[in-house]
Protein chains: 4
Amino acid sequence: MDDPLTIAGREFGSRLIMGTGGASNLAVLERALIASGTELTTVAIRRVDASGGGGVLDLLRRLGIEPLPNTAGCRTAAEAVLTARLAREALGTNWIKLEVVADERTLLPDPVELLDAARQLVDDGFVVLPYTNDDPVLALRLEEAGCAAVMPLGSPIGTGLGIRNPHNIELIVARSSVPVVLDAGVGTASDAALAMELGCSAVLLATAVTRAEDPERMAAAMRAAVDAGRLARTAGRIPKRFWAQASSPGI
Amino acid sequence: MDDPLTIAGREFGSRLIMGTGGASNLAVLERALIASGTELTTVAIRRVDASGGGGVLDLLRRLGIEPLPNTAGCRTAAEAVLTARLAREALGTNWIKLEVVADERTLLPDPVELLDAARQLVDDGFVVLPYTNDDPVLALRLEEAGCAAVMPLGSPIGTGLGIRNPHNIELIVARSSVPVVLDAGVGTASDAALAMELGCSAVLLATAVTRAEDPERMAAAMRAAVDAGRLARTAGRIPKRFWAQASSPGI
Amino acid sequence: MDDPLTIAGREFGSRLIMGTGGASNLAVLERALIASGTELTTVAIRRVDASGGGGVLDLLRRLGIEPLPNTAGCRTAAEAVLTARLAREALGTNWIKLEVVADERTLLPDPVELLDAARQLVDDGFVVLPYTNDDPVLALRLEEAGCAAVMPLGSPIGTGLGIRNPHNIELIVARSSVPVVLDAGVGTASDAALAMELGCSAVLLATAVTRAEDPERMAAAMRAAVDAGRLARTAGRIPKRFWAQASSPGI
Amino acid sequence: MDDPLTIAGREFGSRLIMGTGGASNLAVLERALIASGTELTTVAIRRVDASGGGGVLDLLRRLGIEPLPNTAGCRTAAEAVLTARLAREALGTNWIKLEVVADERTLLPDPVELLDAARQLVDDGFVVLPYTNDDPVLALRLEEAGCAAVMPLGSPIGTGLGIRNPHNIELIVARSSVPVVLDAGVGTASDAALAMELGCSAVLLATAVTRAEDPERMAAAMRAAVDAGRLARTAGRIPKRFWAQASSPGI
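Residues numbered from 1 in each chain as written. Chains lettered and ligands numbered in written order. Predicted model: local features only at pLDDT ≥ 70, side-chain atom pairs only at ≥ 80, totals over all residues. Heavy atoms only, no water.

An unreviewed UniProt entry lists chain A under the name Thiazole synthase, from Gandjariella thermophila. Quoted verbatim from the Pathway (unreviewed entry) field of UniProt, the annotation for chain A is "Cofactor biosynthesis; thiamine diphosphate biosynthesis." Under Sequence similarities (unreviewed entry), UniProt gives the following word-for-word description of chain A: "Belongs to the ThiG family." (UniProt positions renumbered as here; feature names shortened; annotations may be inferred.)

Pasting the structure below:
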């Protein structure tokens, strides 16, 4: 498809960004990543450290997938900034998926700490991709802070509740001049298609695939769904009507 | 994909059934049909008659797509049965998409006339694919009458309102032993994906493609969406949760 | 409220019709009926017969509530017609809530048997109030058959799923010249309010009250909700907007 | 109803808080306020100043309704704090509805400025009632800052879109130990009832009433809806079921 995703001047053929969390083992993850067609995949830096270098990074290298370090598990701006710097050194990339969550039960972003961290990291030369809630104001503030994309949630991480508030996603898309990536909450393929139809530029997901009964098959589903939603958005859908309309007269 | 749709003992590689109504001209329709990957496409018999043989039929023949005559425009069982017989003679097929609508404003099926027509046509040796509302009881009655599939609407024809009542579609799927085909109401790709996720075996649509701004592109979207939904259904999605769940611990 | 419900020329001050099924005992039912403010309450004829005359009927008489016999449990037109006639003799009323359900799992109406029974009962001089699915065509057919009201479901009996398909209720209301009564599926107060806002003339419910933890309190909730929805419908709500609008300038 | 709303130790018999914006004239507003049964009503301080003392304040005094000054129109913490102090002097109350909006198109709160202002005002001895978005984290931060209630929106001000994200409202209620007041977005009665069913302690609305075709009638609708929702919440609704359940056996 000649319709690349462009973030910070860099092009990707796939609009599906994958996460690696939740996979039961590396072999399953490998098959899922291949089936997804992804070219960009997040890696939790803390997890990489713990495992002493990381089978996941080796896997991504082998598959030719760009790793996108994230700051999962960070609860303050200071922690996130530190983690991002460690990631830059360890992986040799200045791209960072910025996560600063407030608590374990909701895993929702802390808006103040997130914005603070984003500003510091932009100043420090990072390409910052922040995981945010679906507040259109915070999305705008993150863009103003210099983030290369904004990544609002559909619903809290791991809930599989899909896009709880399509109106907010539409508001974010309507006012954003950087790519909007739907991040978190996707449970099934139609959620991913809907995200794209609402005008998102890409979808980021992890457990919807890694914890599905058949991760490889679900990865293929998400790949097709993202394509479908993108095509539908750009094809110009029919309007919604209250009363029926016959397909005839036609040819 | 090695997961064919089987209706009345016959296999189809594609789970997207197309309609031809609403296309602005044959060239546009041809590109859309090719992009959709469909192997089965409905043709309005009354329209075919009027046009003296039908460019649409020639087109389908050339593309190797099986024509499925329908009884669009019929308002009574008697009319529909007569039209089906004319179709059988004209096209040499005993397959019929049965439509008996009650009025022009809603284009909703008349349940009594529809069931009556279905019984007559089954008795007469037809393979009957009835367009029905989303009433789980009527769907069961049509199956009991010997229909080869049941084709409930998502919403009225041409409205693009998607699946207004997913619960009814789930009830129909739960009790049906013939294929359930979502017919009517699809407006965009996520609607088609959702239909498959709810357990439908296929999706039938026309104006969502033929009246889109770019029919060819929307046909490609629908093809991908049907694949996505089917894959997601069979991949076993994650459960929905009220509280968040971190993707870690994982590998 | 000077806005009576009129069915078949008869006026009711309350737009909440109650059912008696599901109550744990007569004392609880009595308190709930009083709290509901209802003036019309359904009674299952089969249950009345079985209990040898019926404490429920005595209760309604004492409370000055009009009993509305129903044909709950009937599966065919013949059965329903017979039950209606028994009810007429036993209760001295020609009003009948007509129920002809297809099966126990869904308790959904059988459209063909229902319409058949409605026609027979109208011919026999009954004031027929049919419990129907939310199919706009069947609703119209029942009205054409001479029914005094149509009573579409919001969702299947006892599910508490509310109004699954508001679009269908709106279509029914838009074309009906007899009162539309939302019957079945109400789970909580906002469901009842929504029914009235969609244009229904009244709401009929039973287990949402009788099986609530506190039936008397829920009956009061439903009474207020029906009032609220009716007032809102007739007050003319503000339009929905995509963008915000400040309440100023004002006075 | 012996179920008062308690905010900062003060009891209110009504759970409906009104706003005055959008009314066409004082006579209409008066009738609507009376019909609403409200005991607490917001007043925009800037508007009061402009009108040189304010007919609205006189009206509230005459009706025995407590005025709740708000900081509508403020865009920064500094502005809001200044406005709150002016209000305290002018009206002799240390209660303040805190609004700090980010822009005119969405009228959504600016999370950072809002939290900053809340902290300053709590420190300064105010009883702070902040209008916030529906982010469960921000709601918690506002509570931690010492706010006496949190007032999340259902949807942006004046849109009438109702509660776009019931899940977020439920998350806020589940973790809040101060009253949660649904503020903004209500369009019709069922929206207000739903807010209460989700666990909100009160509802605040203005234009849904003041800009309805018949404001007095809509005020009565909202009063009944808030009662209905509160009663339903405390009555314990029936669970939702996939399959039907007959109301019999019962008494």
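Visitor: Explanation requested: the side chain of Asp-183 of chain B in the structure shown.
Guide: All names here are of chain B. Among the secondary structure elements, Asp-183 is positioned in strand β9 (residues 181-183). Polar contacts involving the side chain of Asp-183 include one to the side chain of Lys-97, which spans 3.0 Å. Those residues in contact with Asp-183 that sit more than four places away from it in its chain are Lys-97, Tyr-131, Met-151, Pro-152, Leu-153, Gly-154 and Leu-204. (Helix = DSSP H or I, 4+ residues; strand = E, 2+ residues; numbered from the N terminus. Polar contact = N/O pair within 3.5 Å; in protein donor to acceptor, adjacent residues only side chain to side chain. Contact = heavy atoms within 4.5 Å.)

Visitor: Looking at this structure, I do not really get the interface of chain D and chain A. What am I missing?
Guide: Interface size is commonly expressed as the accessible surface area that is lost when the partners come together. Chain D puts 23 residues into the contact, and the matching count from chain A is 23 residues. Summed over both sides, the interface between chain D and chain A buries roughly 1900 Å², with carbon and sulfur atoms accounting for 62% of that surface. Inspection of the chain D/chain A interface yields four salt bridges. For Asp-103 of chain D, the salt bridge is made with Arg-175 of chain A, and the minimal N-O distance between the two is 3.0 Å. At the junction of chain D with chain A, the criterion picks out six residue pairs in polar contact (both at pLDDT 80 or more). For the side of chain D that touches chain A, the secondary structure elements donating two or more residues are α5 (111-123), α6 (136-144) and α7 (166-175) of chain D. (Buried area = accessible area lost by both parts, 1.4 Å probe. Salt bridge = Lys/Arg side-chain N within 4 Å of Asp/Glu carboxyl O.)

Visitor: What exactly am I supposed to notice about the packing of helix α1 (residues 26-36) of chain C against helix α10 (residues 215-235) of chain C here?
Guide: The description of two packed helices rests on the angle between their axes and on the distance between the axes. Residue and element names in this part refer to chain C. At a minimum axis distance of 7 Å, the contact between α1 and α10 shows a crossing angle of 20°. When the axes of α1 and α10 are compared, the pair comes out roughly parallel. Here α1 runs over α10; the crossing is right-handed. Contacts between α1 and α10 involve Val-28, Arg-31, Ala-32, Ile-34, Ala-35 and Ser-36 from the first element and Pro-215, Glu-216, Ala-219, Ala-220 and Arg-223 from the second. Class assignment for the residues of the contact of α1 with α10 results in seven nonpolar, one polar and three charged. (Axes fitted to C-alpha atoms, helices over the stretch in contact; angles between N-to-C directions. Parallel < 35°, antiparallel > 145°, perpendicular 65-115°, else oblique. Left-handed = near helix turned anticlockwise from the far one by under 90°. Nonpolar A, V, L, I, M, F, W, Y, C, P; charged D, E, K, R; others polar.)

Visitor: Sorry, what's going on with the relation of the copies chain D and chain C here?
Guide: Both copies of the chain are placed relative to one another by a rotation about an axis and a shift along it. With an axial shift of 0.0 Å and an RMSD of 0.0 Å, the rotation relating chain D to chain C amounts to 180°. Each copy turns onto its partner about a two-fold axis. Interface overlap between copies is the fraction of interface residues in one copy that are interface residues in the other; for chain D against chain C it reaches 100%, indicating a shared surface. (Least-squares fit on C-alpha atoms with pLDDT ≥ 70 in both.)

Visitor: Got a minute to help me understand the packing of helix α8 (residues 189-197) of chain D against helix α10 (residues 215-235) of chain D in this structure?
Guide: All names here are of chain D. For the pair α8 and α10, interaxial distance at closest approach is 7 Å and the crossing angle is 30°. Here α10 runs roughly parallel to α8, going by the angle between their axes. Considering the relative orientation of α8 and α10, their crossing is right-handed. Touching Ala-189, Ala-192, Ala-193, Met-196 and Glu-197 of α8 are Ala-221, Met-222, Ala-225, Val-226, Gly-229, Arg-230, Ala-232 and Arg-233, all from α10. Each residue belonging to the contact of α8 with α10 can be placed in one class, and the counts come to nine nonpolar, one polar and three charged.

Visitor: Could you clarify how one ought to interpret the pairing of strand β4 (residues 40-44) of chain C in this entry?
Guide: Each regular strand carries side chains that alternate between the two faces of the sheet. Residues and elements named next belong to chain C. Of all five residues in β4, five are buried; the element is thus mostly enclosed. The alternating pattern of β4 places Leu-40, Thr-42 and Ala-44 and Thr-41 and Val-43 on opposite faces, both of which are buried. Bridge analysis of strand β3 (residues 16-19) against β4 gives two bridges, and the strand direction is parallel. By the bridge assignment, Gly-19 is partnered in β4 with Thr-42. This β-α-β element, β3 to α1 to β4, shows right-handed connectivity. Pairing analysis gives five bridges linking β4 to strand β5 (residues 66-70), with the strands arranged parallel. In the sheet register, Ala-44 faces β5, and the bridge partner there is Asn-70. (Buried < 20%, exposed > 50% of the residue type's maximum accessible area, 1.4 Å probe, protein only. Pairing = 2+ DSSP bridges. Right-handed = clockwise from strand over helix to strand, strands pointing away.)

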